[in-house]
Amino acid sequence: MWYMNTLKDLIIIKAFVPEKIPCFVGTEPMIDFVKWNLYERITSGLKSFDILCDNKRFYDAFLVAGNVLEVCAVLSYIKDKKTEKQRLENLNKYLARSSAGQLIRILSWTDNLSKDLVWKAYESELKLFAPVGEYIIKKQKNGKTDKENHSDILDKLKYRDGSNADKKSLINSNYVRPDPQGYVRAFSKTFDRLDNGKFEVMYDKYCDFKHVNIMSNGVIAETMNEEIVDWAIEIMAGIVLYLQRYGLDPIDD
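What counts as what
- Residues numbered from 1 in each chain as written.
- Predicted model: local features only at pLDDT ≥ 70, side-chain atom pairs only at ≥ 80, totals over all residues.
- Heavy atoms only, no water.
- pLDDT = per-residue confidence, 0-100.
- Helix = DSSP H or I, 4+ residues; strand = E, 2+ residues; numbered from the N terminus.
- Salt bridge = Lys/Arg side-chain N within 4 Å of Asp/Glu carboxyl O.
- Buried < 20%, exposed > 50% of the residue type's maximum accessible area, 1.4 Å probe, protein only.
- Axes fitted to C-alpha atoms, helices over the stretch in contact; angles between N-to-C directions.
- Parallel < 35°, antiparallel > 145°, perpendicular 65-115°, else oblique.
- Contact = heavy atoms within 4.5 Å.
- Nonpolar A, V, L, I, M, F, W, Y, C, P; charged D, E, K, R; others polar.

On to the confidence of the model for the chain, then. Summing up the model confidence of the chain, the mean pLDDT is 87 and the portion of residues at 70 or higher is 90%. Within the chain, helix α5 (residues 116-129) carries the highest mean pLDDT (97), whereas helix α9 (residues 192-195) carries the lowest (69).

A few words now on the pattern of salt bridges. Going through the model one piece at a time under the given rule, you end up with 10 salt bridges. Residue Lys14 pairs with Asp50 through a salt bridge whose shortest N-O separation is 2.7 Å. With a gap of 36 residues between them, Lys14 in helix α1 (residues 4-15) and Asp50 in helix α2 (residues 30-54) connect regions that are remote in the sequence. Judged by relative accessible area, Asp50 falls into the buried class, the value being 15%. Here Asp155 makes a salt bridge to Lys158, at a shortest N to O gap of 3.4 Å. Members of the salt-bridge network, linked through shared partners, are Lys14, Asp50 and Asp54.

Packing of α5 against helix α6 (residues 146-157) brings their axes to within 12 Å, and their N-to-C directions diverge by 175°. When the axes of α5 and α6 are compared, the pair comes out roughly antiparallel. Side by side, α5 and α6 meet where Tyr122, Leu126 and Phe129 of the first sit next to His150, Leu154 and Leu157 of the second. When grouped by side-chain class, the residues that make up the contact of α5 with α6 number five nonpolar, one polar and no charged.

Here it is as structure tokens:
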């Protein structure tokens, strides 16, 4: 049975009406496209969370809640900076980290780029990484700028020859990889009145569940207890309040 506070939180989630997603044609600023894409992922996740709770699929609901929290933290990382310059810089960092991660995944498919399908996927992703990679390159004591160092690495990554292991090593050793916990920590700190310090703790539990850490209490679906369920519902209600108070302004089509 739900506690009174949990019922109130569920009502908040069920009553939420998201903003209409704009119809993008490809000429809009990248930052608007990315923000609305993240917003849509969050609102879709909230809907799924509500349906799963109604059907008592609490383990699945908790996994959805963790993903919603992570995506919302990324949205905040991009949009909640005070200046346009800071917002664009964080956008480029996010795009670079995402692209670098995708390059690693593609390179993990095979040992080399001899297969046309793998090469084309890698080449396309490298084109996306090229203009933003400098934002996440690790500092080097060689007197060169970040842009120059990034260009030097690209010169080594752009060839089809060579092993994928060497290319992955170049990316891992020269660029700062994504830190989802970092996004959540920053989100929690910025909006501490909404989460009361629970965002980070819930995200840690979500990571345990997601990576099937069987040593973690409650990781088996059958052991999901009411306290964890109530916790997730409270966090999702906090996400709804964030979207209502600090969400995206509608864009006229």
